[in-house]
Amino acid sequence: MFTHGEILSVLEMLRSEHLDLRTVTLGINLLDCASDDLGRFRERIYDRITSTARNLVAVCDQVGEKYGIPVVNKRISVSPIAVVAAPFGPEEMVAIAGTLDRAARDINVDFLGGFSALVEKGTARGDRALIDALPEALASTERVCASVNVATTRAGINMDAVLLMGRQIKAASGLTADRDGIGCAKLGVFANIPEDVPFMAGAYLGVGERDEVINVGVSGPGVVKKAIDRLLKDDPDADLGRITELIKRTAYKVTRAGELIGREVAEVLGIPFGVVDLSLAPTPNVGDSVGEIFQSLGLRGIGVPGTTAALAMLNDAVKKGGAFASSHVGGLSGAFIPVSEDLNISRSVENGCLSLEKLEAMTSVCSVGLDMVAVPGDTTAETLAAIIADEMAIGVINRKTTAARLIPVPGKKAGERASFGGLLGESVIMQVNNAAGDTPFIRRGGLIPAPIHSLTN
Amino acid sequence: MLGKKFVISVLGEDRPGIIAAVTRVLHEQGCNIEEVSQTILQNQFSCFFIVAGPPEGTPAGLVGALKDKTPEFGLLFQAREVGAGTVGPRECGGEPFVVTTRGPDRKGLVAGITCVFAEYRVNVAQLRAVFRGGDDPGDNIMIYEVDVPVDADQKELRKALSLRARELDLEISIQHKNIFEAMNRVI
């Protein structure tokens, strides 16, 4: 028998705190679809994806209804296409992206990730073909997400790839200029990318993974915020120790709900369960924001002094609660701070609380990085690459995942608005230091060696 | 030798000492308490006992003894003998769900929802409802813990409950019990 409080607290999270399961992501291994015949390859990957995932959406809806907690997004991640489709050139890679898009549409998932390459130590032929194909592939597809891992703590930073990515981001933005450069919103550049991320744009199925796996991404910034608000209403003098304990307990609840639903989806589909990603993932809705948590904690807005400390505290408490709730935690697991996808964070940019430099500092204590950051359209490829390099360095030195999802908005300047629609949201374009200036450092290329603490054996 | 089983109900205005007085009498009558459930609604005390009694015991005899020896509490007693083998742990014949409603207070809410349960052979295992009156949905809540038969058409049941809730101006949620276990209990 449950107490009133136990039942009503769950209902309150659902009714007014935006509790949901942010994503169920089905990982599908495509390695055995490999072929040097493009037609056969495309047919094989289409058949593999659509046959494996044909019931995914229906089962997620059915299980979500059973527990009264909706599964908001149903997604697919596949083996890195640069590996699976290594024999092909850039044009063929674009055609493959088209096949992935068609498969995603036909099974009605909102995104498919894995148009990806892993180039932290060097760029192989397949990797180069995929990277060359990125602008066209992103512009010509709707649901395909891409990621390129350019750095790891064990390998260092591939600066040639970093510069290349700066150029490709610029090109992808140009090809989608009529939609504020939205092509770039589906592309993440990573350091230390995990093999089991369920969230986009970084989701792909690592080569060390099995044939199929269900990974889930929980949510809950609104739940955490409301819990803090309630505590501070009852006890306005509550100290940070009590607040972190509360965040930890709240993260526990959210994680348990996510794992329960994810495991049942996996069981019904007959697919092994993988991991729960404990990230606090916001949406552009009021009450579903990571930024609002900072105001509840007593900061004028996300970005003012104190923000990094608050974020470190929040991120750690979420991990501790989640780690107690589940033994199978993976992916990114931390608080996301995607600028355009979080209404409160984009407002902080607008009212001057949050700068790109502060955002970068914040990414040293949370997942994932400079996420959904709109920058002026005249930002050069070299400056984009330099921003990426800084972000990669934070990941490499701190042995954590970092990423950059930068969107140069064609024809627009800092302070103007960019709109990407739906969950991708909208944002004021951030000021970039040296946006159009020269950066010879980035052109030097080569590999920034792995840090000394990579020598752990 | 204990040979009979009785179900005994006790109702009255709540005050300290009721359970002590009632259980002392049951002990004096040679009864062994097997299960007891007690609750208080507003200021009203209610309690059910299942007891094993002596072979010569009768429901009337037990009620008489309880009335005679607890006059100061003004309690209402009922007792019934139950046959051997007819009382035992309740069998759970279905999937456990929690159905919760909120909405403005009006007459017929419990009847309106439970007749849908009856139609779909859904058994109510626990019911708690608080109606403080008025239009604040948070003041008027029903929580049913129910067993839905395995062979019941869950989609149709959900549809029927949602329809009835709309007719009654109620917000309804129908959730498998495991979600509450998962989120609230460590083990």
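> Please set out the overall build of chain B residue by residue, giving values where relevant.
A tally of regular secondary structure across chain B gives 5 helices and 8 strands. The N-to-C order of helical and strand elements in chain B reads β-α-β-β-α-β-β-α-β-β-α-β-α. Relative to a compact globule of 187 residues, whose C-alpha radius of gyration would be 16 Å, chain B shows 20 Å and is clearly more extended. For chain B, the spread of C-alpha atoms along the principal axes amounts to about 55 × 40 × 35 Å. Here chain B holds 187 residues, and 39% of them are scored as buried.

> Provide a residue-level description of the overall build of chain A, including the pertinent values.
If you tally the helices and strands in chain A, you get 15 helices and 13 strands. Computed over C-alpha atoms, the radius of gyration of chain A comes to 21 Å, within 12% of the 23 Å expected from 2.2 N^0.38 for 457 residues, which places it in the range of a compact globule. Along the longest, intermediate and shortest principal axes, the C-alpha atoms of chain A span 60 × 50 × 50 Å. Across the 457 residues that make up chain A, the buried fraction comes to 63%. Counted over contacts in chain A with a minimum sequence separation of 6, partners at least 24 positions apart contribute 79%. Carbon and sulfur atoms make up 50% of the accessible area of chain A, which totals about 16,400 Å².

> I'd like a description of the packing of helix α8 (residues 221-234) of chain A against helix α9 (residues 240-269) of chain A, backed by residues and values.
Residues and elements named next belong to chain A. Direction vectors running N to C along α8 and α9 enclose 140 degrees, while the axes themselves pass 10 Å from each other. As summarised for this structure, α8 and α9 are arranged oblique, according to the angle between their axes. Crossing of α8 over α9 shows right-handed handedness. Seen from α8, the contacting residues are V223, V224, A227, I228, L231 and L232; seen from α9, they are R242, I243, L246, I247, T250 and V254. Along the lines of polarity and charge, the residues of the contact of α8 with α9 split into 10 nonpolar, 1 polar and 1 charged.

> So what's going on with the pattern of salt bridges? Which residues, and what values?
Proximity of charged atoms lets side chains of opposite charge pair with each other. Taken as a whole and assessed by the stated rule, the structure comprises 37 salt bridges over all chains. As a salt-bridge pair, D438 of chain A and R443 of chain A come within 2.7 Å of each other at their nearest N and O atoms. Here the residues in one salt-bridge network are E12 and R15 of chain A together with R102 and E171 of chain B, joined through shared partners.

> So, the sheet that holds strand β3 (residues 44-53) of chain B: which residues are in play, and what are the values?
All names here are of chain B. Sheet architecture is open: 4 strands sit in the order β2-β3-β1-β4, paired in antiparallel fashion. On the outer flanks of this sheet lie β2 (32-41) and β4 (76-82), each paired with one strand and no other. Sheet twist, expressed as the average angle between the axes of neighbouring strands with direction ignored, equals 15 degrees. The pairing of strand β1 (residues 4-13) with β3 spans 10 bridges and is classified as antiparallel. Across the sheet, residue V10 finds its bridge partner in β3, namely C47.

> Pulling in residues and values, what's your account of the layout of surface pockets?
Its volume calculated, the second largest pocket comes out at about 540 Å³. Lining the second largest pocket are 24 residues, with M13, L246, R249, T250 and K253 of chain A sitting closest to its centre. Looking at the lining of the second largest pocket, the elements that each hand over two or more residues are α1 (4-16), α8, α9 and α11 (307-325) of chain A together with α5 (178-184) of chain B. The dominant element in the lining of the second largest pocket, judged by the number of residues it contributes, is α9 of chain A, at 7 residues. By residue class, the composition of the lining of the second largest pocket is 10 nonpolar, 5 polar and 9 charged.

> Mind laying out empty space enclosed by the protein, listing which residues take part and the relevant values?
Here the idea is plain: a probe the size of a water molecule rolls over the atoms and shows the empty space left. All names here are of chain A. Under the defined criterion, the tally for this structure stands at 4 cavities of 30 Å³ or more. Each pocket or cavity is described by its volume, and for the largest cavity that value is around 370 Å³. Looking at the largest cavity, it is lined by 28 residues, and the ones nearest its centre are F199, M200, A201, E341 and R405. A per-class count over the lining of the largest cavity returns 17 nonpolar, 5 polar and 6 charged. Viewed by domain, the lining of the largest cavity spans two of them, domain 1 (27-191) and domain 2 (216-451), each represented by three or more residues. Its boundaries defined by the atoms lining it, the second largest cavity holds a volume of some 40 Å³. Lining of the second largest cavity is provided by V218, S219, A251, V254, T255, L278, L280, V318 and G322. Contributions of two or more residues to the lining of the second largest cavity are made by α9 and α11.

> Could you give me a rundown of the sheet that holds strand β7 (residues 140-149) of chain B, with the residues and numbers involved?
Across a sheet, strands are paired by hydrogen bonds formed along the backbone, either parallel or antiparallel in direction. Judged by pairing direction, the sheet is antiparallel, and its 4 strands sit side by side in the order β6-β7-β5-β8 (chain B) without closing on themselves. Of all strands in the sheet, those with a lone pairing partner are β6 (123-131) and β8 (171-176) of chain B, marking the two edges. Strand-to-strand twist across the sheet, computed as the mean angle between neighbouring axes with direction ignored, equals 15 degrees. Bridge count for strand β5 (residues 94-102) of chain B against β8 of chain B is 6 bridges, and the pairing is antiparallel. Opposite R102 of chain B, over in β8 of chain B, you have E171 of chain B as the bridge partner. The sheet contacts of helix α3 (residues 56-67) of chain A involve β5 and β8 of chain B, and relative to β8 of chain B the element is tilted by about 110 degrees.

> A description of the side chain of R75 of chain A should follow, citing residues and the corresponding values.
Residue and element names in this part refer to chain A. Among the structural elements, R75 can be located in strand β2 (residues 71-78). By relative accessible area, R75 is classed as buried at 7%. Other than its neighbours up to four places away in sequence, R75 contacts T23, V24, T25, L26, L56, V109, D110, F111, P198, F199, M200 and L423.

> Describe α9 of chain A, with residues and values.
Residue and element names in this part refer to chain A. Taking 1.5 Å of rise per residue, 30 residues should cover 44 Å, and α9 covers 43 Å from first to last C-alpha, within 8% of that figure. For α9, the side-chain oxygen to backbone nitrogen distance between the N-cap and G241 is 3.1 Å, and the N-cap itself is D239. Just downstream of α9 lies G270, where phi reads positive at about 70 degrees.

> Let's hear about the environment of C31 of chain B: which residues, and what values?
Residues and elements named next belong to chain B. Examined against the element boundaries, C31 turns out to sit in the loop between α1 (18-28) and β2. Expressed as a C-alpha distance, the spacing of C31 and L168, which sit 137 residues apart in the sequence, is 46 Å. Here C31 is in contact with L26, V51, A52, G53, P54 and L62, once residues within four sequence places are set aside.

> Describe the domain arrangement of chain B, and please don't skip the residues or the numbers.
Split by domain assignment, chain B resolves into domain 1 (4-86) and domain 2 (94-183). Just the C-alpha atoms count here: the centres of domain 1 of chain B and domain 2 of chain B sit 32 Å apart.

About the cut-offs
Residues numbered from 1 in each chain as written. Chains lettered and ligands numbered in written order. Predicted model: local features only at pLDDT ≥ 70, side-chain atom pairs only at ≥ 80, totals over all residues. Heavy atoms only, no water. Helix = DSSP H or I, 4+ residues; strand = E, 2+ residues; numbered from the N terminus. Rg over C-alpha atoms; globule rule 2.2 N^0.38 Å. Buried < 20%, exposed > 50% of the residue type's maximum accessible area, 1.4 Å probe, protein only. Contact = heavy atoms within 4.5 Å. Areas by Shrake-Rupley, 256 points an atom, 1.4 Å probe, with all protein chains shown as cover. Axes fitted to C-alpha atoms, helices over the stretch in contact; angles between N-to-C directions. Parallel < 35°, antiparallel > 145°, perpendicular 65-115°, else oblique. Left-handed = near helix turned anticlockwise from the far one by under 90°. Nonpolar A, V, L, I, M, F, W, Y, C, P; charged D, E, K, R; others polar. Salt bridge = Lys/Arg side-chain N within 4 Å of Asp/Glu carboxyl O. Pairing = 2+ DSSP bridges. 1 Å grid on protein atoms, 1.4 Å probe; cavity = no way out; pocket = protein on both sides within 12 Å on 5 of 7 lines; lining within 4 Å. Points joined across faces, edges and corners; volume = space filled by probe spheres on them. Domains from an automatic or database assignment. Expected span 1.5 Å × (residues − 1). Polar contact = N/O pair within 3.5 Å; in protein donor to acceptor, adjacent residues only side chain to side chain.

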